[in-house]
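Working through the structure, step by step
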Amino acid sequence: MALEPKKLDVTSRVTGRLKNGEVELFLDGQTIGRTSLPLDGLTMEPNFEARENKIYQNYTSTEGHDARYTDCDEGGWC
């Protein structure tokens, strides 16, 4: 019996996490690599923005002690 080197395509299982201007790559929770990722020129979905090596989500919320539902229909469903 002989040992044979092989390759397994794990691309679809690799995830990334942005950290200090780099993307850390993980497979099943184990760090497997990293690459630099300048956020300049990165295209984001609406309500998201990349700035100063961070990614932000823009949203609207109610504030104050008397915060109540503000988007209710005439039937009282909010």
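Structure: see above.
An account of the accompanying structure is given in this report. (Residues numbered from 1 in each chain as written. Predicted model: local features only at pLDDT ≥ 70, side-chain atom pairs only at ≥ 80, totals over all residues. Heavy atoms only, no water.)

1. Description of the pattern of salt bridges
Counted only if it meets this: For this document, the term salt bridge refers to a Lys or Arg side-chain nitrogen within 4 Å of an Asp or Glu carboxyl oxygen. Only DSSP runs of H or I reaching four residues or more are called helices, and only runs of E reaching two or more are called strands; each is numbered from the N terminus.
Counted by the stated rule, this structure contains four salt bridges. The residue E22 makes a salt bridge to R34 at a minimum N-O spacing of 3.5 Å. Of this pair, E22 sits in strand β2 (residues 22-27) while R34 sits in strand β3 (residues 30-36), placing them twelve residues apart in sequence. The residue R51 makes a salt bridge to E49 at a minimum N-O spacing of 3.2 Å.

2. Observations concerning the packing of aromatic side chains
Counted only if it meets this: Think of it this way: a Phe, Tyr or Trp ring, Trp meaning its six-membered ring, pairs with another when their centres are within 6.5 Å, and the plane angle makes it stacked under 30 degrees, edge-to-face over 60, tilted otherwise. For a ring to carry a charge above it, either NZ of a lysine or CZ of an arginine must fall within 6 Å of the ring centroid while also lying within 35 degrees of the normal to the ring plane.
In the structure shown here, the tally under the stated rule is zero aromatic pairs. Sitting over the ring of F26, R17 keeps its end group 5.7 Å from the ring centre. Note that R51 overlies the ring of Y56, its terminal NZ or CZ placed 4.9 Å from the centroid.

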